[in-house]
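Chains, contacts and geometry: an overview
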Amino acid sequence: MDRSDVIVIGAGLLGCFLARALRRQGLSVIVLEQSDDVCTGISRSGSGIVYPGYDMAPGSLKAALTVRSCRDFPALCRDLSVNYRACGSLMTGAGPRAEAVIRRKYVDGVKNGVPGLELLDGDACRRMEPLLSANITCGLYAPGTCAVNPWELGIAAFENARDNGARFVFSEKVTALSRQAEGFSVCTENGAYTCRDLINAAGLSADSVHELISRPSVRLKVTGADYLLLEDGSADALSHVIFHEPEEKGKGLTLIPTADGNLLIGPTERDVPSSGDDALYPAGGTDPAGPGHNGPQWAGAPTEASGIRWLRERCHEVVPELDTEKVLRSFGAARPRPYLTGADQNKSLRDFVILEEEQFYSLIGIKTPGMTCAAALGEHLAAIIAQNRGIREPDPAFDPIRKRPVIPRECSFEERQVLVRSHPAYGRILCACRDVTEGEVRDAVHRGATTVEAVRRRTGAMMGTCQGGRCLAEIQEVIQDELGC
Amino acid sequence: MSWDVNVLVVGGGAAGMAAALALAEAGASVVMADPGEKPGGILNRCVHRGFGQGLFGEDLTGQEYAARFRRLLRESSVTVRPRTTVLSILPDRTAVLSGPGRLEKISFERCILAAGSYERTPQSLLLGGTRPAGVYTAGCVQGLVHEYGQDIGQRIVFLGSGDVGQILAAQLAAAGKQVLAMVEQKDRPGGLPRNRREYLEAANIPLILQSTVTRLHGDRHLTGVTICHLPTGKESFLSCDTLITATGLIPDRRLADPLMKDGKLPEWLIPVGNCRRIYDIVDVLAADSRKLALIPQ
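Facing the 51 residues of chain A at the interface are 42 residues of chain B. On inspection of chain A and its partner chain B, the count reaches three salt bridges. Across the pair B:Asp252 and A:Arg470 runs a salt bridge whose closest N-O atoms are separated by 2.8 Å. Applying the counting criterion to the chain A and chain B interface returns 12 residue pairs in polar contact (both at pLDDT 80 or more). Those elements giving two or more residues to the side of chain A that touches chain B turn out to be helix H7 (305-318), strand S18 (327-340), helix H9 (413-422) and helix H12 (472-483) of chain A. Ranked by the residues each element gives to the side of chain A that touches chain B, the list is headed by H12(A), at six residues.

Right under this line is the structure:
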């Protein structure tokens with residue numbers, strides 16, 4: 001029986017940052033994840049925007065955490081050695097309804113304490129973003145908005161938590177929870193664990209995990225969003241994240257120059273069926289891979305070809321000259337929409353909900369801006385648990401710095417030459433599209449990757465123009481060599 | 001100005017090897033950088049025959065064809081840099097080469113760009129549905145199966161019916177895989193008539209014409225595809241574990257694009273082979289590359 005101070009169920013962005021924050025408080029942590037890697041659910045695909053905090057109701061936990069998180073984000077990325085694009089954002093509108101929305105956001109933003117907000121007219125918007133349509137009549141500039149790769153952030157938090165002693169167990173699906181005299185017993189498909197405090201951060205499965213030990217309270221409905229990612233270098237077309245608020249309500253469009261240099265266009269939100277072939281498969285649902293399969297691995301939410309085409313057409317209303325033909329890939333993202341049991345499913349809960357019952361904490365339906373606030377939510381909850389345990393000071397042995405992996409393409413020619421001479425594998429390019437070397441692929445395996453997908457997310461290999469068509473076989477061979485299979 | 005070499009050849013597939021040999025015969029000093037274990041490029045993935053009638057007067061497999069060229073290279077004065085990728089070509093006529101244990105800048109008088117092509121990816125096709133494993137391009141599968149001895153799924157659907165797809169479908173069927181269908185948008189299959197007879201018809205691959213794949217199904221791994229009959233819009237589900245796309249090649253101009261000025265490349269940079277235009281027959285590609293390499297500036 002494995003015992004720890006705290007067990008966290010789910011290794012998405014939240015689970016990883018919770019583990020990191022709990023270690024900072026000196027608490028021992030085990031994270032149980034049903035998939036074979038971190039960030040494979042909601043955190044697998046998202047817009048990667050660090051929101052400035054004007055969208056949230058003044059006075060809410062969400063508003064406070066978002067504004068603080070956005071302010072602290074550059075420092076967090078420095079600690080974790082994560083690339084981000086400090087691009088700021090421009091919310092644009094083209095008509096009276098959108099102008100009213102934008103003015104309201106400005107007022108809320110000022111109340112929430114968002115720094116540097118500016119209301120702009122159409123021409124001022126175009127001075128900042130020359131490719132914007134002549135139809136744009138107003139805008140709201142927020143300098144603090146950033147773009148970051150969600151799984152890069154999650155993997156960095158995971159590695160830092162792990163290096164500080166957090167234990168992550170993968171392919172470990174929780175099947176039963178029960179209260180013991182001094183805490184909880186957690187049963188999985190492969191074993192049993194005990195802990196004093198228990199945190200449910202199971203993402204899209206958080207409601208069913210909650211109901212393993214508690215009465216139904218908040219449930220999740222899953223919505224989907226379609227995304228279109230344009231070719232490498234396409235991010236150069238824009239210098240800010242653009243949130244376009246059209247006259248037609250609910251048909252908004254977001255254009256994101258990503259940290260990797262691609263332009264990401266999204267999202268259109270729609271319902272994902274809860275059953276049938278295109279349904280998602282949360283814990284307790286039917287696993288299509290059949291018995292013997294170690295819990296569902298998310299292939300992402302299904303996307304709709306019509307939704308993607310719609311994005312493309314819509315895009316031209318905002319940035320008419322943008323070339324959207326050269327698509328790198330398209331994908332669907334899953335988003336939770338929490339509602340109170342017994343209430344109308346379409347009435348979503350607005351604020352972050354942390355259900356707390358005697359050492360059991362459930363984070364159900366942490367949706368946008370969940371990535372922005374993941375670190376802050378982790379610290380928030382870890383502080384509550386530490387306080388309940390009488391811990392006054394963080395653990396001085398905790399090291400918040402995560403060493404950046406060796407990335408030859410980020411070196412100068414001379415640095416790279418020295419590196420390649422001393423470590424020959426950094427000279428051998430496996431992925432030519434993104435300039436990823438054999439050394440990086442081997443390092444990714446040493447860092448914990450066991451699958452091609454995990455290597456892809458840790459190195460950026462196979463994410464460029466050919467999407468792995470040319471290099472998959474070679475990379476797979478190196479991974480197998482490194483794993484000894 | 002003195003250069004490290006007369007000619008740098010970027011890429012050691014059929015085009016690069018043909019150009020390098022021609023230039024060395026003409027007395028130039030040549031360095032040929034190739035990312036593979038051994039030169040040959042995509043020929044090294046081709047275990048089928050149909051190569052070499054024009055150039056060697058014999059019917060060879062792609063791998064044999066590449067081996068012939070490698071023998072000629074060994075007998076020539078060409079310096080081959082295997083497992084070496086050209087990272088960039090700069091306007092001052094230098095290139096950055098990266099290989100195991102060695103990163104260097106080489107200056108050259110001329111550069112033959114023989115970087116080949118890449119396949120249109122299934123990811124770019126705006127398919128609906130999930131993004132499961134088990135979806136590949138035809139060339140990727142050729143590499144996995146024929147060059148690296150890796151396995152793929154058992155029940156296979158092809159999207160697109162070009163030459164590469166037809167040949168691969170017949171090979172996979174011969175290896176005991178179930179090739180369930182080849183889905184083609186047009187009202188007849190693509191590719192050379194010769195290949196159609198020799199592979200598609202001989203292996204009895206079912207064709208689904210005037211149709212396309214519109215949706216992927218499956219959670220972790222592919223479980224099926226939706227096929228849409230284009231004239232009627234009627235959709236049907238086909239259960240499968242592998243989708244292979246053979247929807248065309250795109251010249252790889254990644255290294256050349258930054259050097260374009262007013263729509264033109266510098267005269268010292270000469271694209272040959274599939275990165276110049278997509279060829280159907282390798283003998284023609286090799287002969288053209290030879291000629292282009294020898295045109296005086």
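Turning our attention to the packing of helix H2 (residues 61-80) of chain A against helix H8 (residues 370-388) of chain A. All names here are of chain A. One way to put it is that H2 packs onto H8 with a least axis distance of 8 Å and a crossing angle of 105°. Classified by the angle between their axes, H2 and H8 sit roughly perpendicular to one another. On H8, the residues that touch Leu61, Leu65, Thr66, Ser69, Cys70, Phe73 and Leu76 of H2 are Thr372, Cys373, Ala375, Ala376, Leu377 and His380. Residues that form the contact of H2 with H8 fall into these classes: nine nonpolar, four polar and no charged.

Next up on the list: the domain arrangement of chain B. All names here are of chain B. In terms of domains, chain B is made up of domain 1 (5-118 + 250-294) and domain 2 (121-247). At the junction of the two partners, domain 1 supplies nine residues and domain 2 supplies 11 residues. Summed over both sides, the interface between domain 1 and domain 2 buries roughly 860 Å², with carbon and sulfur atoms accounting for 52% of that surface. When residues of domain 1 are sorted by the area they lose upon contact with domain 2, Arg45, Val47 and His48 head the list and together hold 58% of the total. Between domain 1 and domain 2 we count one salt bridge in total. Between Arg45 and Glu147 there is a salt bridge; the shortest N-O distance is 3.6 Å. On inspection of domain 1 and its partner domain 2, the count reaches one residue pair in polar contact (both at pLDDT 80 or more). Among the residues making up the side of domain 1 that touches domain 2, the classes are represented as two nonpolar, four polar and three charged.

All right, on to the state of the cysteines then. Per the stated rule, a full pass over the model turns up zero disulfides over all chains. A:Cys431 carries a free sulfur, and the closest cysteine sulfur to it, the one in A:Cys471, is 4.6 Å from it. Considering cysteine sulfurs only, B:Cys228 is the nearest to B:Cys240, which forms no disulfide, with 16 Å between them. For B:Cys240, a relative accessible area of 1% corresponds to the buried category.

Counting 51 residues, the largest nonpolar core has A:Val8, A:Phe17, A:Leu22, A:Leu153, A:Phe168 and A:Ile199 as its most contacted members. Counting only elements with at least two residues in this core, the list comes to strand S1 (2-9), helix H1 (13-24), strand S2 (29-32), H2, strand S8 (146-148), helix H5 (150-163), strand S20 (360-363) and H8 of chain A. It is H8(A) that contributes the most residues to this core, nine residues altogether. Apart from residues no more than four positions distant in its own chain, A:Leu22 is found in contact with A:Val6, A:Val8, A:Leu27, A:Val29, A:Ile199, A:Ala382 and A:Ile385. Formed by 38 residues, the second largest nonpolar core is a distinct cluster that contains A:Ile475, B:Leu168, B:Ile244 and B:Ala246.

Strand pairing in a sheet relies on backbone hydrogen bonds. The paired strands run either parallel or antiparallel. All names here are of chain B. Here four strands make up an open sheet; going across it, the order is S8-S13-S14-S15 and the pairing mixed. For this open sheet the edge positions go to strand S8 (128-129) and strand S15 (234-239), each flanked by a neighbour on one side alone. Note that strand S14 (residues 224-229) and S15 share six bridges and pair antiparallel. Bridging from a neighbouring strand, Gly224 pairs with Ser239 of S15.

Turning to the side chain of A:Asn164, a few remarks are in order. Residue and element names in this part refer to chain A. One can find Asn164 in the loop between H5 and strand S9 (167-169). By relative accessible area, Asn164 is classed as buried at 12%. A polar contact is formed between the side chain of Asn164 and the backbone oxygen of Asn160, at a distance of 2.9 Å. If we skip the residues at most four places from it in the chain, Asn164 touches Arg23, Ala397, Phe398 and Asp399.

What counts and how
- Residues numbered from 1 in each chain as written.
- Chains lettered and ligands numbered in written order.
- Predicted model: local features only at pLDDT ≥ 70, side-chain atom pairs only at ≥ 80, totals over all residues.
- Heavy atoms only, no water.
- Contact = heavy atoms within 4.5 Å.
- Salt bridge = Lys/Arg side-chain N within 4 Å of Asp/Glu carboxyl O.
- Polar contact = N/O pair within 3.5 Å; in protein donor to acceptor, adjacent residues only side chain to side chain.
- Helix = DSSP H or I, 4+ residues; strand = E, 2+ residues; numbered from the N terminus.
- Axes fitted to C-alpha atoms, helices over the stretch in contact; angles between N-to-C directions.
- Parallel < 35°, antiparallel > 145°, perpendicular 65-115°, else oblique.
- Nonpolar A, V, L, I, M, F, W, Y, C, P; charged D, E, K, R; others polar.
- Domains from an automatic or database assignment.
- Buried area = accessible area lost by both parts, 1.4 Å probe.
- Disulfide = S-S within 2.5 Å.
- Buried < 20%, exposed > 50% of the residue type's maximum accessible area, 1.4 Å probe, protein only.
- Core = buried A, V, L, I, M, F, W, Y, C linked by side-chain atoms within 4.5 Å.
- Pairing = 2+ DSSP bridges.

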